[in-house]
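Summary of structural features
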Amino acid sequence: MQANMLDDRDRALLSRLQRDADVAVAELAEQVNLSPSACARRIARLRAEGYLTRLVARLDRRRMGLPTTVFVVVKTAQHSAEWLEQFRAALADVPEIIEAHRLTGNFDYILKIVLPNVEHYDAIYKKLIQRLPLFEVSAYISMETMKHDTPLPVTYG
């Protein structure tokens, strides 16, 4: 489906929904100067066009007992499609791994792992190396989150 261009009201809606998707449509409509029905139609269109992919609840990591963040960089000597599928499956089986990215440069992958404490990293490490061969694995403990913001800039759509 070919998406339409976003206008200023669409961008305002997307920006506000990223900050709080639980806001009432009437309140959202007032914030962007639309009637509630027009606002609801725009939200439905933005969802149908793929701008809104899903609505989720963001949990407090400390209250959930996961205050520690570890970034793990991985090098592998394997680059086959079969190995990559095994790696994807291994990542999917570890809920503490909340992000994984394939990289350019000196490392092949970076993983973001949330943990109850640093010591728990060893269990995650052992799960991964039992599943598949990894050439090099280095862990970096986050001392402080300098910025954690999930909303995307809406000016590019």
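Right above here is the structure, for reference.
In this report, the structure presented in the accompanying data block is examined.

About the cut-offs
Residues numbered from 1 in each chain as written. Predicted model: local features only at pLDDT ≥ 70, side-chain atom pairs only at ≥ 80, totals over all residues. Heavy atoms only, no water. Pairing = 2+ DSSP bridges. Helix = DSSP H or I, 4+ residues; strand = E, 2+ residues; numbered from the N terminus. Axes fitted to C-alpha atoms, helices over the stretch in contact; angles between N-to-C directions. Salt bridge = Lys/Arg side-chain N within 4 Å of Asp/Glu carboxyl O. Buried < 20%, exposed > 50% of the residue type's maximum accessible area, 1.4 Å probe, protein only. Patch = residues over 30% accessible without salt bridge, like charges linked within 9 Å, V, L, I, M, F, W, Y side chains within 5 Å. Areas by Shrake-Rupley, 256 points an atom, 1.4 Å probe, with all protein chains shown as cover. Lys, Arg positive; Asp, Glu negative; His and termini not counted. Charge placed at Lys NZ, Arg CZ, Asp CG, Glu CD. Arc of directions from axis to C-beta. Contact = heavy atoms within 4.5 Å.

Here's the deal with the sheet that holds strand S3 (residues 109-115)
In space, the 4 strands of this open sheet follow the order S2-S3-S1-S4, with antiparallel pairing throughout. Across the chains shown, the open sheet's two edge strands, defined by having one partner strand only, are strand S2 (97-102) and strand S4 (136-141). For this sheet the average axis-to-axis angle between neighbouring strands, irrespective of direction, equals 20 degrees. One ladder, built from 5 bridges, connects S2 with S3; its direction is antiparallel.

Some thoughts on the pattern of salt bridges
Any two side chains of opposite charge can pair, given that their charged atoms come close. This structure, assessed with the given rule, holds 9 salt bridges. Between arginine 45 and aspartate 10 there is a salt bridge, and its shortest N-O distance comes to 2.7 Å. Remark: aspartate 10 occurs in helix H1 (residues 8-19) and arginine 45 occurs in helix H3 (residues 36-48); sequence separation between them is 35 residues. Residue arginine 45 is classed as partly exposed on the basis of its relative accessible area of 25%. Given a relative accessible area of 1%, aspartate 10 falls into the buried group. For arginine 88, the salt bridge identified is with glutamate 85, shortest N-O distance 3.7 Å. Residue arginine 88 and its partner glutamate 85 are both found in helix H4 (residues 81-92); the two are separated by 3 residues, about one turn of the helix.

Topic: the environment of leucine 132
Tracing the backbone shows leucine 132 in the loop between helix H5 (121-131) and S4. Assessed through its relative accessible area of 4%, leucine 132 is described here as buried. Considered as a pair, leucine 132 and aspartate 149 are 17 residues apart in the sequence and their alpha carbons are 33 Å apart.

Regarding a negative patch on the surface
Taken together, the side chains of Asp20, Asp22, Glu27 and Glu30 make up a negatively charged region of the molecular surface. Relative to the assigned elements, aspartate 20 resides in the loop between H1 and helix H2 (25-31). By relative accessible area, aspartate 20 is classed as partly exposed at 39%.

Description of H5
Of all the positions in H5, only Tyr121, Ile124 and Leu128 are classed as buried. Angular distribution of buried residues about the axis of H5 spans 65 degrees; they occupy a single face of the element. On its buried face, H5 sits against strand S1 (68-75), H4, S2, S3 and S4.

The values reported here are purely geometric and, on their own, carry no functional implication.
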